[in-house]
2 protein chains.
Amino acid sequence: MRVAGVMSGTSLDGIDVAIVDFVGDDLHVVGQHAVAYPDDVRRAILAVSNSVTHTGSIARLHFFLAELYADAVRAACERIGAPLVSLDLIGCHGQTIFHEGESIEFLGRRIASTLQIGDAAVIAKRCGVPVIADFRPDDIAVGGQGAPLAPFLDWRLFRHSQFGRIALNIGGIANISVIRAGASLEDVIAFDTGPGNMVIDGLIGGFDRDGAVARRGRVNQPLLERLLSDPYYKRRPPKTAGREQYGAEFLAHFAGLPLADAVATATELTATTIARAIPDASEVIASGGGVHNSYLMERLAAQLTQPLTTSAKYGVDPDFKEAIAFAVLAHESFMGRPGNAPGATGARRAAILGKRASP
Amino acid sequence: MRVAGVMSGTSLDGIDVAIVDFVGDDLHVVGQHAVAYPDDVRRAILAVSNSVTHTGSIARLHFFLAELYADAVRAACERIGAPLVSLDLIGCHGQTIFHEGESIEFLGRRIASTLQIGDAAVIAKRCGVPVIADFRPDDIAVGGQGAPLAPFLDWRLFRHSQFGRIALNIGGIANISVIRAGASLEDVIAFDTGPGNMVIDGLIGGFDRDGAVARRGRVNQPLLERLLSDPYYKRRPPKTAGREQYGAEFLAHFAGLPLADAVATATELTATTIARAIPDASEVIASGGGVHNSYLMERLAAQLTQPLTTSAKYGVDPDFKEAIAFAVLAHESFMGRPGNAPGATGARRAAILGKRASP
């Protein structure tokens, strides 16, 4: 069975597509392709995300993004040399424009909610392939926060009867999935360790590729100690670090430092908070943009007792893990199997995720 | 196979549930139940419908309404004496908060769109039954206007190899489905004939049950002639009459008339525009709230050459036809069969409708 996974994250970079073949219990990544959002699309998404807008703007974008997703799948098929007709299924995350995993009081009930747009029926009709989309509401329906969903892939890829493994994703925020030896899906624990690239990116106004900036600086130890004293890092999981936690206010801590020193300190904060959060295991498997910061990877490796590798070792491009995750989650749903990790989302039970649209 | 159909229309009355059994090609309505929306829910829906609002208000209501739909299905099962576990499937229309069936220019593409809320995954998880919802986007994806969808049921119920039949629904707006003898789904034509109860209701500020008000009045012929001269009534289908077409501005035509005369004239307008729109056929089968206005039905029958009956003759409560329609459409989707009537929606082809969520 051949499945395309489609992901577009809140960073609004664009659309990632991965094509994955499933043979029995094995999966093989055939190829991947990324399409950047044009600026006007990025602005239109921002305008309806968690803000005051017109209902019609959301509805139109819901149908418009579906066209872009369909185009991205077709472009990926062409680029990868996997004909569209060879696809059996598409799994599409959609674009999150609202997420409130913790329930609030609403018209007399406790309501948690999430909203991903990009209509699955339009994608299915354009591509001639069934589409499973809208994975998060099912987890919320069984008491979960609707996030994170990547731990399922971590468990699927990295579980081992004798070795415990940690899947580490270094995006804006860093998070880990803890997959102990012999873990069932229900045993998987996942949480945010703290900042990933976000503080570093915020200081530089861009990405510190290979840690070029940080390598020129020196860690400011007193500041580092002060930042590490944040009680978040000692709190027991499940826990979630919001993007707002490491925004402009947080960057003010670094005021007065030379840029290189600030970035070196921020890099050390990321490496140290990740390292301290990681429990006993035989391997740490990294993915996400942070793997392209070789200095961060070195600093992290220096503080870990376990070997640090990347998901590439397991056939998964670290930049496309989420797209692959939604191919895998769609495949699970298609097979009638659950895809959430209750220990990661807080759900009462594992649940079949997603809604299926017909071509 | 037992299917619950759930409908909540733009009139915001509340939620209609019909339970329908399918045995081969036959369908049998087991029972029906209606739940009114509380006032605060009605206000919350209005606040996000085709207006400026916060994304979060839509997301929360999307999850909240799903809880109400699930409650309504459970209440219907109890009332009807059909245990929840006897349900095989739920078909839920959702609550429309935006509909733009004609495409507009949007970020450089032609985009038509529609938005129905009430998350299917939440309903499925609450009821332990698969749910098919969100029927309109599939029709839009194949070039249709996403409406009307009721003609499928009309065709399914009333088609006959030798007799042509007209299904007439008298809601706020009146519309007909024309099902000629031996018609295939593609042959069905449907369109709005003009006002249904809307003008009468607007004048009275309520429903004219049994035409009690109209019966006391006299038709003002000059006004009626003037209203009948609107070119809409002569235009060839497909055509759609918007609710805005018969709002406050339209009511101003009746200013100065005694209420009973105004209502008698409005009733005659509805009866006459329906009668004139109806082509050759052997029977006119009415449904919708208008069937409870016996005076309207009398005036209509007087102008028709065909016998006028109601859908009750075919086992379909005239007040629950739409709820039954969404049970039937869900059943069709479940069977992998299309549910739109291209001659009604303008779609390029018949399409499988809806997205399926798992329990």
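Located above this text is the structure these notes cover.
Residues numbered from 1 in each chain as written. Chains lettered and ligands numbered in written order. Predicted model: local features only at pLDDT ≥ 70, side-chain atom pairs only at ≥ 80, totals over all residues. Heavy atoms only, no water.

1. Overview of the sheet that holds strand S13 (residues 308–310) of chain B
Residue and element names in this part refer to chain B.
Thinking step 1. Read from one edge to the other, the open sheet built from five strands follows the order S11-S10-S9-S12-S13, with strand pairing classed as mixed. If you trace the sheet from one side to the other, it starts and ends with strand S11 (189–195) and S13, each paired once. With direction set aside, neighbouring strand axes in the sheet form an average angle of 25°.
Thinking step 2. Looking at chain direction, strand S9 (residues 165–170) and strand S12 (residues 283–287) are connected through five bridges and run parallel. Bridging from a neighbouring strand, Ala167 pairs with Ile285 of S12.
Thinking step 3. The sheet contacts of helix H11 (residues 294–303) involve S9, S12 and S13, and relative to S13 the element is tilted by about 140°. (Pairing = 2+ DSSP bridges. Helix = DSSP H or I, 4+ residues; strand = E, 2+ residues; numbered from the N terminus. Axes fitted to C-alpha atoms, helices over the stretch in contact; angles between N-to-C directions. Contact = heavy atoms within 4.5 Å.)

2. Quick look at the relation of the copies chain B and chain A
Two copies of the chain are present, and they differ by a rotation about an axis and a shift along that axis.
Thinking step 1. Structural alignment of chain B on chain A gives an RMSD of 0.1 Å, achieved by rotating through 180° and translating 0.0 Å along the axis. Expressed as a symmetry operation, the mapping of one chain copy onto the other fits a two-fold axis.
Thinking step 2. Comparing contact sets, 100% of the residues at the interface of chain B also lie at the interface in chain A, consistent with an isologous, same-surface contact. (Least-squares fit on C-alpha atoms with pLDDT ≥ 70 in both.)

3. Some words on the environment of Phe254(A)
Residue and element names in this part refer to chain A.
Thinking step 1. Structurally, Phe254 is set in the loop between helix H9 (248–251) and helix H10 (259–277).
Thinking step 2. On the basis of relative accessibility, which here comes to 3%, the residue Phe254 falls in the buried class.
Thinking step 3. Sequence separation between Phe254 and Phe158 is 96 residues, and the spatial gap between their C-alpha atoms is 37 Å.
Thinking step 4. Beyond its immediate chain neighbours, meaning those up to four positions away, Phe254 contacts Val199, Leu203, Leu223, Leu227, Ala262, Thr265 and Ala266. (Buried < 20%, exposed > 50% of the residue type's maximum accessible area, 1.4 Å probe, protein only.)

4. Some remarks on the sheet that holds strand S2 (residues 14–23) of chain A
Thinking step 1. Here we have twelve strands laid out as an open sheet, ordered S3(A)-S2(A)-S1(A)-S5(A)-S8(A)-S14(A)-S14(B)-S8(B)-S5(B)-S1(B)-S2(B)-S3(B), and mixed in their pairing. Two strands close off the open sheet at either side, each with one partner strand: strand S3 (26–36) of chain A together with strand S3 (26–36) of chain B. The mean angle between the axes of side-by-side strands here comes to 20°, regardless of whether they run parallel or antiparallel.
Thinking step 2. Examined bridge by bridge, strand S1 (residues 2–7) of chain A and S2(A) share six bridges and lie antiparallel to one another. Looking at the pairing, Ala4(A) lines up with Ile19(A) of S2(A).

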